[in-house]
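The primary structure of each chain is shown beneath.
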Amino acid sequence: TVVAPQALFLMNSPFVAKQAEAFADRLLKEEPADDAARVRLAYRLAYGRAATTAEADRAARFAAAYAAKAAGDAAATRRAAWAAVAQAVFAANEFAYLE
């Protein structure tokens, strides 16, 4: 299982935040049809599997809510929202733990 220091590193590391931003840039550049499709792409790239419908919907709603609450220019806000989704994907046990 993932131990506390690993989880804290994935949640708080400037390195991980920078990688999440790069991952968000890639997701936004791909331009899938909608945010749920973008989440499915993120899961395929990070976990090697498709996101379930519930996972895709939850993450897309999170990105939309994050962007709605953030101030600033639309592109930067959208990038920050998807970087937050990416960091959550990276912080999951599934990303750090091999079965």
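Residues numbered from 1 in each chain as written. Predicted model: local features only at pLDDT ≥ 70, side-chain atom pairs only at ≥ 80, totals over all residues. Heavy atoms only, no water.

Here we take up helix H3 (residues 35-47). Compared with the 18 Å implied by 1.5 Å per residue over 13 residues, the 18 Å span of H3 between its first and last C-alpha is a close match. Taken together, the buried positions of H3 are occupied by Ala36, Ala37, Arg38, Val39, Leu41, Ala42, Tyr43, Ala46 and Tyr47. In this structure, the buried side of H3 is in contact with helix H2 (14-30), helix H4 (53-69), helix H5 (74-91) and helix H6 (93-96). Two or three places before alanine 36, at the start of H3, stands the capping residue aspartate 34, its side-chain oxygen 3.4 Å from that residue's backbone nitrogen. (Helix = DSSP H or I, 4+ residues; strand = E, 2+ residues; numbered from the N terminus. Expected span 1.5 Å × (residues − 1). Buried < 20%, exposed > 50% of the residue type's maximum accessible area, 1.4 Å probe, protein only. Contact = heavy atoms within 4.5 Å. Polar contact = N/O pair within 3.5 Å; in protein donor to acceptor, adjacent residues only side chain to side chain.)

Turning to H2, a few remarks are in order. An ideal rise of 1.5 Å per residue puts 24 Å on 17 residues; H2 measures up with 25 Å between its terminal C-alpha atoms. Regarding H2, the residues found buried are Val16, Ala20, Phe23, Ala24, Leu27 and Leu28. Along the long axis of H2, the arc covered by the buried residues comes to 135°, so they all point the same way. Seen from the open side of H2, the exposed residues pointing more than 90 degrees away from its buried face are Pro14, Phe15, Lys18 and Lys29. Summarising the contacts, the buried residues of H2 are in contact with helix H1 (4-12), H3 and H5. Two or three places before phenylalanine 15, at the start of H2, stands the capping residue serine 13, its side-chain oxygen 3.0 Å from that residue's backbone nitrogen. Directly after H2, the chain includes glutamate 31, whose backbone phi takes a positive value near 55°. (Arc of directions from axis to C-beta.)

Membership of the largest hydrophobic core comes to 26 residues, with the highest contact counts inside it found for Phe23, Val39, Trp82 and Val89. Looking at this core, the elements that each hand over two or more residues are H2, H3, H4 and H5. The residues contacting tryptophan 82, other than those within four sequence positions of it, are Ala24, Leu27, Leu28, Asp35, Arg38, Val39 and Ala63. (Core = buried A, V, L, I, M, F, W, Y, C linked by side-chain atoms within 4.5 Å.)

All right, on to the confidence of the model for the protein then. For the protein, the average pLDDT comes to 89, and 96% of its residues sit at 70 or higher. Between the elements of the protein, mean pLDDT differs from a low of 81, seen in H6, to a high of 95, seen in H2. (pLDDT = per-residue confidence, 0-100.)

Here threonine 77 is to be found in helix H5. Accessibility expressed as a relative area gives 7% for threonine 77, which makes it buried. In this view, threonine 77 contacts Ala67, Ala70, Ala71 and Gly72; residues no more than four positions away in its chain are not counted.

Take the packing of aromatic side chains next. Scanning the model with the defined rule gives 4 aromatic pairs in all. Geometrically, the ring pair formed by tyrosine 43 and tyrosine 47 is edge-to-face, given 4.9 Å between the ring centres and 90° between the ring planes. One end of the pair, tyrosine 43, and the other, tyrosine 47, are both in helix H3, 4 residues apart, so they sit about a helical turn from each other. The same class applies to tyrosine 43 and to tyrosine 47, which are both buried. A network of ring pairs unites the aromatic residues Phe23, Phe90 and Phe95 as a single cluster. The positively charged end of arginine 38 is found above the aromatic ring belonging to tryptophan 82, 5.5 Å away from the centroid. (Phe/Tyr/Trp six-rings, centres within 6.5 Å; stacked < 30°, edge-to-face > 60°. Lys NZ or Arg CZ within 6 Å of the ring centre and 35° of its normal.)

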